[in-house]
Amino acid sequence: MRRAPTPTFAFAAAFALALPAGEALAVCGCTNMTMARADPGTQIICSAAQRPGFPECTERTGGARTTCTTTYEYACPTGVNSANWAGAAPSQKTGFGANATLTGTESQCTSGQLLTLTITGNGGVEPNPNINPTNATGAAGQLVGGVTFNVDNTATNPFPQYPRGGGTQNNPNFGGDNYRWADNAAVLIERGNGRTRWWDNTDQGKDNQAEVATWSYKFVSWVKGSSTAQSSCACGFDITVNWPANANPVTTYTQDPAYSSNCTF
């Protein structure tokens, strides 16, 4: 089979010049990611559209906005929130925010989140919820040097079990956990003005006060540069909730350096 000839430099340059301004050299990189997890704390998300599906967050408009210039600003809780520890079926939520600093054209970066988890209750392992597909990230060293993430983005499959879904330290198995589109109404995420950021809020609940339950999550929040020449960010961390019988839960957030790159935790 004959191959098409390689374009000459003059042709390639002319083609690049024919593209709309800014498109020929549109690149994006991530220089740093920080994780908001203070207990109690707040993650701010700016949005041009109203996002009524997040009752834990405070919606601000007009002069009530603190930092956003978009029509809507959402102040969302980090750390333990929505706690109902004394109820007959006690519950709580644990929130966090990802905040990434970008260079170049923000829309050229891709973002997403990976997750493994294990939930136990009444002495047994509970079934995991189904995967929320994200942008695939599996290539070796794509997010973290020396690590190849095996990412399952099949929405009918459950998330792999904590900590690595049966994989190894350098070849772990994760499930996709969304946060891939800045205009996705199913999540709180924004992209623009040299940054991308989002908010997540996991929930824990027991059937009754006497139940002994645990939740172990391993997240990797990430923003990938537009090419191998552009830097990427990844923050790997664990959220652990130990909830004894007839007592309050203990919740901890811990960075996983093995799955972190350009991350300030």
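As shown above, the structure is provided for reference.
Computed from a predicted model, the values in this text were never measured in an experiment.

Basis of the calculations
- Here the residue numbering is sequential within each chain, running from 1 through the sequence in written order.
- With the structure being a predicted model, the display of local features is reserved for residues of pLDDT at least 70 and the display and counting of side-chain atom pairs for 80 or more, all residues being used for whole-chain, interface and lining totals.
- Side-chain measures here rest on the full set of heavy atoms in the structure, leaving out hydrogens and waters.
- When two cysteine sulfur atoms are found within 2.5 Å, that pair is recorded as a disulfide.
- For helices the rule is a DSSP run of H or I covering at least 4 residues; for strands it is a run of E covering at least 2, with both sets numbered from the N terminus onward.
- For every residue, the accessible area obtained with a 1.4 Å probe (protein chains only) is divided by the maximum for its type, and the residue is called buried under 20%, exposed over 50%, and partly exposed between those limits.
- As defined here, a cavity is a set of points on a 1 Å grid over the protein atoms alone where a 1.4 Å probe fits but cannot get out. A pocket is an open set with protein on both sides within 12 Å along at least five of seven lines, and residues line them when an atom is within 4 Å of a point.
- Grid points are joined across faces, edges and corners, and a volume is the space filled by probe spheres set on the points.
- Classes in brief: Ala, Val, Leu, Ile, Met, Phe, Trp, Tyr, Cys and Pro nonpolar; Asp, Glu, Lys and Arg charged; the others, Gly included, polar.
- By nonpolar core we mean a set of buried residues, namely Ala, Val, Leu, Ile, Met, Phe, Trp, Tyr and Cys, connected to one another through side-chain atoms within 4.5 Å.
- The criterion used for residue contact is that any of the two residues' heavy atoms lie within 4.5 Å.
- Pairing between strands requires that DSSP locate at least two bridges from one strand to the other.
- Between Lys or Arg on one side and Asp or Glu on the other, a salt bridge is scored when a side-chain nitrogen of the former is within 4 Å of a carboxyl oxygen of the latter.

Moving on: the state of the cysteines. One pass over the full model with this rule turns up 5 disulfides. Covalent S-S linkage joins Cys 28 and Cys 109, the inter-sulfur distance amounting to 2.0 Å. What sets the handedness of the Cys 28 and Cys 109 disulfide is the S-S torsion sign, and at about -100° it is left-handed. Here Cys 28, found in strand S1 (residues 28-36), pairs with Cys 109, found in the loop between strand S5 (91-104) and strand S6 (110-121); they are 81 residues apart in sequence, far enough to count as distant. Taken individually, Cys 28 and Cys 109 each receive the classification buried, so the pair is uniform in this respect. Two residues share a disulfide in this structure: Cys 235 and Cys 263, whose sulfurs sit 2.0 Å from each other.

The space that makes up the largest pocket amounts to roughly 530 Å³. Along the wall of the largest pocket there are 26 residues; nearest its centre are Asp 177, Asp 200, Asn 201, Thr 202 and Asp 203. Residue assignment for the lining of the largest pocket shows that the elements contributing at least two residues are S6, strand S11 (195-205) and strand S12 (213-224). Among the elements that line the lining of the largest pocket, the one with the most residues is S11, at 7 residues. For the lining of the largest pocket, the residue count by class is 13 nonpolar, 8 polar and 5 charged. When its volume is computed, the second largest pocket comes out at roughly 240 Å³. Forming the boundary of the second largest pocket are 16 residues, of which Cys 46, Ser 47, Ala 48, Thr 70 and Glu 190 lie nearest the centre. Listing elements by their share of the lining of the second largest pocket, those giving two or more residues are strand S2 (41-47) and strand S10 (188-192). Taken together, the residues that form the lining of the second largest pocket break down as 5 nonpolar, 6 polar and 5 charged.

It is worth spelling out the nonpolar core at this point. If you look at the biggest cluster of nonpolar residues, it comprises 31 residues, and the most contacted ones within it are Met 33, Val 223 and Ile 239. Secondary structure elements with two or more residues in this core: S1, S5, S6, S12 and strand S13 (233-243). At 6 residues, the largest contribution of residues to this core is made by S13. When sequence neighbours within four positions are dropped, the list of residues in contact with Met 33 reads Asn 99, Ala 100, Trp 198, Ser 221, Trp 222, Val 223, Cys 233, Cys 235, Asn 262, Cys 263 and Thr 264. Core analysis: the second largest hydrophobic core is formed by 10 residues, Leu 143, Val 144, Val 147 and Phe 149 among them.

Quick look at the pairing of S6 now. Burial analysis of S6 places 10 of its 12 residues in the buried class, which makes it a mostly covered element. Summarising the sheet, S6 and S12 pair through 12 bridges and their orientation is antiparallel. Residue Ile 119 lies in a different strand from S12, and its bridge partner there is Trp 215. Sheet topology places S6 next to strand S9 (residues 173-176); 2 bridges connect them, and they run antiparallel. When the sheet's bridge partners are listed, Leu 115 is paired in S9 with Gly 175. Inspection of the sheet shows S6 paired to strand S7 (residues 124-125) by 2 bridges, in the antiparallel sense. Paired with Thr 120 across the two strands is Val 125, which belongs to S7. Adjacent in sequence and paired antiparallel, S6 and S7 are bridged by 2 residues, among which Asn 122 carries a positive phi angle near 55°.

Moving on to the pattern of salt bridges. Within this structure, the stated rule accounts for 6 salt bridges. The salt bridge partner of Glu 56 is Lys 93, with a shortest N-O separation of 2.5 Å. Here the residue Glu 56 occupies a position in the loop between S2 and strand S3 (58-61), and Lys 93 occupies one in strand S5, the gap between them amounting to 37 residues. Salt bridges sharing partners connect three or more residues here, namely Glu 190, Arg 195 and Arg 197.

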